[in-house]
Amino acid sequence: MDHAPWTGHRTDHRTELRRAYAGGKLTELPVFAGGFINFGFWRAIPLDGPLTAEDRVASQAALYDLVLDALSPTGRSTLEVGCGQGVGARRTLLRSPARCAGVDQEPEQVERARAAAPDAEFAVGSAGSLPFGDGEFERLLSVEAAQHFDDLGAFAREAARVLSPGGRLAVTTFFAADASAAPELSRLLATFASGLDLPHPIGGFLDRLREAGFDGVTATSVGEHVWRGLDRWLELGPAPERWDRNWLVAAERGLLDYHLVTATKPAGSGA
Ligand SMILES: C[S@@+](CC[C@H](N)C(=O)[O-])C[C@H]1O[C@@H](n2cnc3c(N)ncnc32)[C@H](O)[C@@H]1O
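Residues numbered from 1 in each chain as written. Predicted model: local features only at pLDDT ≥ 70, side-chain atom pairs only at ≥ 80, totals over all residues. Heavy atoms only, no water.

Peer 1: Which residues make up the site of the ligand, and what values do they have?
Peer 2: Around the ligand, a shell composed of 21 residues is seen, among which Ile37, Tyr64, Asp104, Ala127 and Val143 lie nearest. Taking Asn38, its side chain carries an N or O atom lying 3.1 Å from an oxygen atom of the ligand. Look at the ligand: alone it shows 610 Å² of surface, and the protein chains cover 98% of it. Of the residues contributing to the shell around the ligand, the split by class is 9 nonpolar, 8 polar and 4 charged. (Near = heavy atom within 4 Å. Polar contact = N/O pair within 3.5 Å; in protein donor to acceptor, adjacent residues only side chain to side chain. Areas by Shrake-Rupley, 256 points an atom, 1.4 Å probe, with all protein chains shown as cover. Nonpolar A, V, L, I, M, F, W, Y, C, P; charged D, E, K, R; others polar.)

Structure representation (structure tokens):
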């Protein structure tokens, strides 16, 4: 059912992505903070009292830490796909000071990333056609970007191509429970209705990774540490900029969940 690349509203999807990320307006919203653009991983942050902007930044940095912890700590080269404004690359470099590259589809994001993390290297490019050579990286990560990729099969094949044998992949974002969730997600959430976010079923992504040759493909639900924290932040936020609180509703109805997906390129495979 979800085997084919996503094709519906393709023009709207590209237009929506430009609108969201080229102008940088999304990161000016108080829902995000510190240059990150993700929902955050709130496990270590108490949610029963007031939340500060520092808490919000810490939640987003913690989502990067979750992904970095899932990668081999000794990897000497890391590629981030959908790197946004480069603050995640800065964090990656802090934790493992080795080659760190980022790729993003929007040239404006890449410019911002270069300013934020001068010690990393950045390129404009798409998840389905990565501008790097075969086997260049030992680790590949992506944080809250795969919900925008219109062809997860192409992304999986490109990830397998640019990783060296034994290389590790860690991807985190929200996925639909299955293909039947799409209409309800569009009714509940403006970003699905507009075509900015795509309701990729989690099972389909795992299948695409296996088809691309990855071993040990695993999805771990981390939603319990995402949705309540995000909703609490939205509840406390200034009303005019309040983001859509239906994320928690959609998660509670089992329509979508936030996952950490990990996989390994077999050590014996070609670069
Ligand atoms: C929600 S932001 C996340 C940014 C960053 N990872 C973070 O957590 O702060 C998603 C990013 O993915 C980028 N993006 C969307 N589709 C892409 C694609 N097909 N290939 C590469 N980047 C893409 C967007 O331009 C945007 O910068």
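Now, onward.
Peer 1: Give a detailed account of the confidence of the model for the protein, specifying residues and quantitative values.
Peer 2: On average, residues of the protein carry a pLDDT of 91, and 92% of them reach 70 or more. Note on residues 1-10: pLDDT under 50 across the span, and 14 contacts to partners over four residues away in sequence or across chains. (pLDDT = per-residue confidence, 0-100. Contact = heavy atoms within 4.5 Å.)

Peer 1: How would you explain the packing of aromatic side chains if you had to name every residue and give the values?
Peer 2: For the structure shown, the criterion picks out 14 aromatic pairs. Their ring planes at 10 degrees and their centres at 5.6 Å tell us that Phe39 and Phe174 sit as a pair that is stacked. In this pair, Phe39 sits in the loop between helix H2 (25-28) and helix H3 (53-69) while Phe174 sits in strand S5 (residues 163-176), placing the two residues 135 residues apart along the sequence. With 5.9 Å between their ring centres and 50 degrees between their planes, Phe192 and Trp247 make a pair best called tilted. Highlighted residues: Phe192 in helix H8 (residues 190-193) and Trp247 in helix H11 (residues 246-252), separated in sequence by 55 residues. Trp247 shares its class with Phe192; the two are buried. An aromatic cluster is defined as three or more aromatic residues linked by ring pairs; in this entry it consists of Phe39, Phe174, Phe192, Trp227, Trp247 and Tyr258. (Phe/Tyr/Trp six-rings, centres within 6.5 Å; stacked < 30°, edge-to-face > 60°. Helix = DSSP H or I, 4+ residues; strand = E, 2+ residues; numbered from the N terminus. Buried < 20%, exposed > 50% of the residue type's maximum accessible area, 1.4 Å probe, protein only.)

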